[in-house]
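Architecture at a glance
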Amino acid sequence: MSEDQLEALIIQVINGAVTTIPSYLDEIKENKEVLKVENPQEFVYGIVMGMALGMGGAILSAQKEMPTEEDQMKIRDIVYKHIPEIRERIFS
């Protein structure tokens, strides 16, 4: 899989995760006592980042064996490149 293809797939994952932001924020508000989350936006930011990083690895695992450290760094670099837009969509 080329780096462009991987980036396109990761962007799809990010966009899919970002669409869930309103429902996550509502869920946190409804379950404040159980979840004990101090900053809902930071919590959701962690969820979205985890989804993007985790799914990037899963995509590569489906294509071949476990991602190498180099593969994981590529995924991280792609996801990190999109942090400003992810944060903008969560915190605005």
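Keep in mind the model is a prediction, meaning the values are calculated, not measured.

What follows is about the packing of aromatic side chains. Here the structure, examined in full by the defined rule, presents zero aromatic pairs. Looking at R76, its charged tip hangs above the ring of Y80, at a distance of 5.6 Å from the centre. Here the guanidinium or amino end of R87 rests over the ring plane of Y45, the centre of that ring lying 4.5 Å away.

Ranked by internal contacts, the top residues of the largest apolar core, which has 23 residues, are L6, I10, I21, V44, V48, I86 and I90. Listing elements by their share of this core, those giving two or more residues are α1 (3-19), α2 (21-30), α4 (40-63), α5 (69-81) and α6 (83-91). The contact partners of L6, leaving out residues within four places of it in the chain, are M1, G56, I59, L60, I75 and I78.

Turning our eyes to something else, we now look at the pattern of salt bridges. A complete count under the given rule lists four salt bridges for this structure. As a salt-bridge pair, K81 and E7 come within 2.8 Å of each other at their nearest N and O atoms. With K81 in helix α5 and E7 in helix α1, this pair connects stretches of sequence that are 74 residues apart.

One can find V79 in helix α5. On the basis of relative accessible area, V79 is assigned to the buried category, the value being 0%. Discounting residues that sit within four places of it in the chain, V79 has contacts with I10, M49, A52 and L53.

Now for the packing of α2 against α4. Two elements in contact, α2 and α4, have axes whose closest approach is 10 Å; the angle formed by their N-to-C orientations is 135 degrees. It follows from the interaxial angle that α2 and α4 lie oblique. Like other packed secondary-structure pairs, α2 and α4 cross with a definite hand, here right-handed. Residue-level contacts link I21, Y24, L25 and I28 of α2 to P40, Q41, F43, V44, I47, V48 and M51 of α4. Residue composition of the contact of α2 with α4, grouped by class: 10 nonpolar, one polar and no charged.

About the thresholds
Residues numbered from 1 in each chain as written. Predicted model: local features only at pLDDT ≥ 70, side-chain atom pairs only at ≥ 80, totals over all residues. Heavy atoms only, no water. Phe/Tyr/Trp six-rings, centres within 6.5 Å; stacked < 30°, edge-to-face > 60°. Lys NZ or Arg CZ within 6 Å of the ring centre and 35° of its normal. Core = buried A, V, L, I, M, F, W, Y, C linked by side-chain atoms within 4.5 Å. Buried < 20%, exposed > 50% of the residue type's maximum accessible area, 1.4 Å probe, protein only. Helix = DSSP H or I, 4+ residues; strand = E, 2+ residues; numbered from the N terminus. Contact = heavy atoms within 4.5 Å. Salt bridge = Lys/Arg side-chain N within 4 Å of Asp/Glu carboxyl O. Axes fitted to C-alpha atoms, helices over the stretch in contact; angles between N-to-C directions. Parallel < 35°, antiparallel > 145°, perpendicular 65-115°, else oblique. Left-handed = near helix turned anticlockwise from the far one by under 90°. Nonpolar A, V, L, I, M, F, W, Y, C, P; charged D, E, K, R; others polar.

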